[in-house]
Amino acid sequence: SRKLRMLADGGSEGDLPDHPLVFHIDVDCFFVSVAVGGGIKCREDRPIAVASGRSDTSEVCSANYTARGFGICANMFVKEALTRCPELQIIPTSPELFERFAQTSRA
């Protein structure tokens, strides 16, 4: 909006609108980005998914853009994801890593 651009250009908080602002940020690739940034060894140009496990009933939590090109998405069973893309690299969920990143980003 015009007011947000004004703030980005050096406007003051007094120039903010008097109603709440809602931002929608698509973070579907969040878990993969954090895992790769957290030191998990993998090539970002390869299809990668973070999943709750590797069993038939495990689910994909997040997929990078390369994996999405194969039709892989969140809430898909890992079995189906591996059928669509046999070379998919599955990274296990890491709640500690994700929480540490979230705490850092809030600071």
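Just so we're clear, the structure is a prediction, and the values are computed from it rather than from any experiment.

1. Here's the deal with the sheet that holds strand β2 (residues 60-63)
Phase 1: Read from one edge of the open sheet, three strands run β2-β1-β3, paired in mixed fashion. The two strands at the open ends of the sheet, each matched to only one other strand, are β2 and β3 (89-92). For this sheet the average axis-to-axis angle between neighbouring strands, irrespective of direction, equals 30°.
Phase 2: Taken together, the three bridges between strand β1 (residues 48-51) and β2 define a ladder with antiparallel strand orientation. Note that in β2 the partner of Ala-51 across the bridge is Val-60.

2. Let's talk about the pattern of salt bridges
Phase 1: Following the criterion strictly, the structure yields one salt bridge and no others.
Phase 2: Between Glu-80 and Arg-84 there is a salt bridge, with the nearest N and O atoms lying 2.7 Å from each other. Within this pair, Glu-80 and its partner Arg-84 are both found in helix α4 (residues 78-84), separated by four residues, close to a single helical turn.
Phase 3: You can call Glu-80 partly exposed: its relative accessible area is 36%.

3. Some remarks on the confidence of the model for the chain
Phase 1: The pLDDT averaged across the chain works out to 78; a share of 67% of its residues lies at or above 70.
Phase 2: α4 holds the highest mean pLDDT among the elements of the chain, 96, whereas helix α1 (residues 2-8) holds the lowest, 56.

4. Remarks on unusual backbone geometry
Phase 1: A positive phi angle, near 75°, is found at Asn-75, a position not held by glycine.
Phase 2: Residue placement: Asn-75 occurs in the loop between α3 (65-68) and α4.
Phase 3: Taking relative accessible area as the criterion, Asn-75 reaches 61% and is therefore assigned exposed.

5. Details of the side chain of Ser-58
Phase 1: Position of Ser-58 relative to the elements: it lies in the loop between β1 and β2.
Phase 2: A polar contact of 2.9 Å, which involves the side chain of Ser-58, links it to the side chain of Ser-55.
Phase 3: Beyond its immediate stretch of four places on either side in the chain, Ser-58 contacts Ser-52, Gly-53, Met-76, Phe-77 and Val-78.

Rules and cut-offs
Residues numbered from 1 in each chain as written. Predicted model: local features only at pLDDT ≥ 70, side-chain atom pairs only at ≥ 80, totals over all residues. Heavy atoms only, no water. Pairing = 2+ DSSP bridges. Helix = DSSP H or I, 4+ residues; strand = E, 2+ residues; numbered from the N terminus. Axes fitted to C-alpha atoms, helices over the stretch in contact; angles between N-to-C directions. Salt bridge = Lys/Arg side-chain N within 4 Å of Asp/Glu carboxyl O. Buried < 20%, exposed > 50% of the residue type's maximum accessible area, 1.4 Å probe, protein only. pLDDT = per-residue confidence, 0-100. Polar contact = N/O pair within 3.5 Å; in protein donor to acceptor, adjacent residues only side chain to side chain. Contact = heavy atoms within 4.5 Å.

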